[in-house]
Amino acid sequence: EGRAGVSAQSTLTNPNEGVKVLDVPAKSLNSGGVIVDSGTTDTYWNRAIRSEFENVFRQLTGGREHSNKPVQLTDDELYALPTILFQLESDADDTNPDINDVFHTPGMAGALDPHNPSDVILAFPPTHYMEYDD
């Protein structure tokens, strides 16, 4: 089990511990092609975030390169890889009225982004973004 747990729900006391925000302008994130293909395990981001993502990935993994090439990992090495978070902007005015506390509701930005606590956080632990091949 990794430091923060093997699921998308962090087991750390401070939800911001270890979180690294990519230094990429919103304009870059919202331009170019982004593909989320629900029929496959593949997601493609636009090239504007590639360099920054790769730098942060190296920081969080002690120098391991991010690649789509096959790698051999032990279970411990796999679980030590970072969980990748995607923050999706919500319309705060239309937040589900049944959610009384966005700061303690899994999947909501809450304390991760107090300025946008109703945003949705999608968490992808390494067991979900690494493909297993025996």
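The following refers to the structure shown. From a predicted model like this one, the values you see are computed outputs, not experimental measurements.

1. Examining the overall build of the chain
At step 1: Across its full length, the chain carries four helices and four strands.
At step 2: Its helices and strands taken in sequence order, the chain reads α-β-β-α-α-β-β-α from the N to the C terminus.
At step 3: Taking the contacts inside the chain whose residues are at least 6 apart along the sequence as the reference set, 54% of them involve residues at least 24 apart.
At step 4: Carbon and sulfur atoms make up 49% of the accessible area of the chain, which amounts to about 10200 Å² in all.

2. A look at the pattern of salt bridges
At step 1: This model, assessed by the stated rule, comprises two salt bridges.
At step 2: One salt bridge in this structure joins Arg58 and Glu65, with 3.3 Å as the shortest N-O distance.
At step 3: For Glu65, a relative accessible area of 52% corresponds to the exposed category.

3. A few points about helix α2 (residues 50–60)
At step 1: Turning to α2, its buried residues are Phe53, Glu54, Val56 and Phe57. Summarising the axial view, the buried residues of α2 lie within an arc of 165°, below the 170-degree limit, and thus occupy one face.
At step 2: Buried residues belonging to α2 abut β3 (84–88) and α4 (126–129).
At step 3: Backbone geometry just downstream of α2 places Gly62 in the positive-phi region, at approximately 70°.

Rules and cut-offs
- Residues numbered from 1 in each chain as written.
- Predicted model: local features only at pLDDT ≥ 70, side-chain atom pairs only at ≥ 80, totals over all residues.
- Heavy atoms only, no water.
- Helix = DSSP H or I, 4+ residues; strand = E, 2+ residues; numbered from the N terminus.
- Contact = heavy atoms within 4.5 Å.
- Areas by Shrake-Rupley, 256 points an atom, 1.4 Å probe, with all protein chains shown as cover.
- Salt bridge = Lys/Arg side-chain N within 4 Å of Asp/Glu carboxyl O.
- Buried < 20%, exposed > 50% of the residue type's maximum accessible area, 1.4 Å probe, protein only.
- Arc of directions from axis to C-beta.

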